[in-house]
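Take a look at the letters that make up each chain.
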2 protein chains.
Amino acid sequence: MPKRVDHDDRRREISDAVLAVIAGQGVNGATFRAVAEATNWSTGVLSHYFRNRDDMLLAALRRAGEQAATEQRAISDGPPGREAVRRILLDAVPLDSRRLALARIFVFYYAEAAADPLLQAEINGYLERWRRQTVHLIEAAQRAGEIDPALHPVPLAAELVAMADGLSIHASFQPALFGADEVDRILTGTIERLAPR
Amino acid sequence: MPKRVDHDDRRREISDAVLAVIAGQGVNGATFRAVAEATNWSTGVLSHYFRNRDDMLLAALRRAGEQAATEQRAISDGPPGREAVRRILLDAVPLDSRRLALARIFVFYYAEAAADPLLQAEINGYLERWRRQTVHLIEAAQRAGEIDPALHPVPLAAELVAMADGLSIHASFQPALFGADEVDRILTGTIERLAPR
């Protein structure tokens, strides 16, 4: 029996390649031709999986969201505490190419979503999931005695997610200002202030 | 002697009108025609002040940056303390039309800047000024005994500006989730945790 390539697997594989191109060259660099060069598939094959460039970028956005959700679940499954909260924030900061692609494609879609209600709903769903996961991690850390029980998890999660998202954007603009050491210094400060008084 | 209209004043006045259109209709709605309707000037007059739509939007971005800088200076000139830090953060959150236009035009230019080094330098200059003002306010509040002297002003300013910027974007996407009361709850939490222990 000939080996069958699963359509969804292939789409996912190409979406990963699109994200790699975005990490290296930005969203504007992610054309059918650039992705074809990066994958060794022809633009004809790509157009079998994606109707057009917009469709390909949207698949990459969803793939980046999926990757982030997988990371977030892994953190939630680990030990509760301030460190888990720090890790979910750090996961948004572009210190490697996966997270740089995430930062870049999200800024691109933040601007696109302003004029497109369906895209806006998709982005909002992503942000809400991130906040919800953060609420759970804060509550678990509070039960473990690692975060001040007087802090309300909902506004705190909104604050921390806003901070991580802003930092993700700012670090993608000025990587020299936001290297691993500086990001560590920033997040350590944030997280230590959550400790019980 | 006939009254002379100052070219820069007129450009500023039109830029304010562009920002008002952006607050109401988004950046995509800010066309020459929409701005002409809002100002009662013809598109011909507008094209005397702006070479094209991009030029008009860039003028609106700079005007929004100017307005924010003016607010930031007024806060810096007021009494030092945690309240001043709270105010400089709150100034970025889109709770009125001036700040909604600011949030919208900045998200638009964040995406544009990804492909344009000159625009990127302009955006970075704006973010750096904002962080610098925040460092000064933190130091002044520390001297006034209102912020924990153990906190390092530079990473703390980077954190707070990232948070305010992220919150600005998230609130412009989901205004119902981020009304004045909720934003107050979020920022009060942030600011109270800076108090000396």
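Scroll up for the structure.
Residues numbered from 1 in each chain as written. Chains lettered and ligands numbered in written order. Predicted model: local features only at pLDDT ≥ 70, side-chain atom pairs only at ≥ 80, totals over all residues. Heavy atoms only, no water.

A.B. asks: In this structure, what is going on with the packing of aromatic side chains? I would like to understand it.
C.D. replies: Both the distance between ring centres and the angle between the ring planes are used here to describe each pair of aromatic rings. Residues and elements named next belong to chain B. Inspection of every chain in the model, using the stated rule, returns 10 aromatic pairs over all chains. Both rings, one in Phe-106 and one in Tyr-110, keep their centres 6.1 Å apart while their planes meet at 80°; by these two values the pair is edge-to-face. With a gap of 4 residues between them, Phe-106 and Tyr-110 both fall in helix H6 (residues 97–113), about one helical turn apart. Both residues of the pair, Phe-106 and Tyr-110, belong to the buried class. (Phe/Tyr/Trp six-rings, centres within 6.5 Å; stacked < 30°, edge-to-face > 60°. Helix = DSSP H or I, 4+ residues; strand = E, 2+ residues; numbered from the N terminus. Buried < 20%, exposed > 50% of the residue type's maximum accessible area, 1.4 Å probe, protein only.)

A.B. asks: Is there a simple way to think about the interface of chain B and chain A in this case?
C.D. replies: Accessible area lost upon the coming together of the parts is a frequently used measure of interface size. On the side of chain A, 41 residues touch chain B, which itself brings 41 residues to the contact. Taken together, the two surfaces of chain B and chain A that pack against each other cover about 3,400 Å², and 59% of this comes from carbon and sulfur. Counting the contacts that link chain B with chain A gives 2 salt bridges. A salt bridge links Glu-159 of chain A to Arg-193 of chain B; the nearest nitrogen and oxygen atoms lie 2.8 Å apart. Counting across the chain B and chain A interface gives 12 residue pairs in polar contact (both at pLDDT 80 or more). When its residues are assigned to classes, the side of chain B that touches chain A shows 24 nonpolar, 8 polar and 9 charged. (Contact = heavy atoms within 4.5 Å. Buried area = accessible area lost by both parts, 1.4 Å probe. Salt bridge = Lys/Arg side-chain N within 4 Å of Asp/Glu carboxyl O. Polar contact = N/O pair within 3.5 Å; in protein donor to acceptor, adjacent residues only side chain to side chain. Nonpolar A, V, L, I, M, F, W, Y, C, P; charged D, E, K, R; others polar.)

A.B. asks: Just checking my understanding: could you explain the nonpolar core for this structure?
C.D. replies: Note on soluble globular proteins: their nonpolar side chains tend to be buried together. The biggest cluster of nonpolar side chains holds 138 residues, and the ones touching the most others in it are Ile-22 of chain A together with Ile-22 of chain B. Leaving out residues up to four positions away in the same chain, Ile-22 of chain B has contacts with Val-27, Ala-30, Leu-57, Ala-60, Ala-101, Arg-104 and Ile-105 of chain B. (Core = buried A, V, L, I, M, F, W, Y, C linked by side-chain atoms within 4.5 Å.)

A.B. asks: So what exactly am I meant to see when it comes to the relation of the copies chain B and chain A here?
C.D. replies: A rotation about an axis combined with a shift along that same axis relates the two copies of the chain. By a simple turn and slide, chain B fits onto chain A: the slide is 0.0 Å along the axis, the RMSD is 0.0 Å, and the turn is 180°. Here the two chains are linked by the operation of a two-fold rotation axis. Among all residues of chain B, the minimum C-alpha distance to the rotation axis is found for Met-163 of chain B, at 1.8 Å. When the interface residues of chain B are mapped onto chain A, 100% of them are again interface residues, pointing to one common binding face. (Least-squares fit on C-alpha atoms with pLDDT ≥ 70 in both.)

A.B. asks: What's the story with the pattern of salt bridges in this structure? I'm lost.
C.D. replies: With the rule as written, the count across this model stands at 24 salt bridges over all chains. The partner of Arg-86 of chain B in a salt bridge is Glu-83 of chain B, with the nearest N and O atoms 3.1 Å apart. With Arg-86 of chain B and Glu-83 of chain B both in helix H5 (residues 82–90), this residue pair falls 3 residues apart, about one helical turn. The exposure class of Arg-86 of chain B is buried, given its relative accessible area of 17%. Under the relative-accessibility criterion, Glu-83 of chain B is labelled partly exposed at 43%. Measuring nitrogen to oxygen at the nearest pair gives 3.2 Å for the salt bridge that ties Asp-96 of chain B to Arg-99 of chain B. Take Asp-96 of chain B: its relative accessible area is 34%, and that puts it in the partly exposed class. On the accessibility criterion, Arg-99 of chain B (12% relative accessible area) is buried. Put simply, Asp-16, Arg-63 and Glu-66 of chain A are held in one network by salt bridges that share partners.

So, to be careful, I would describe these as geometric facts and stop short of saying anything about function.
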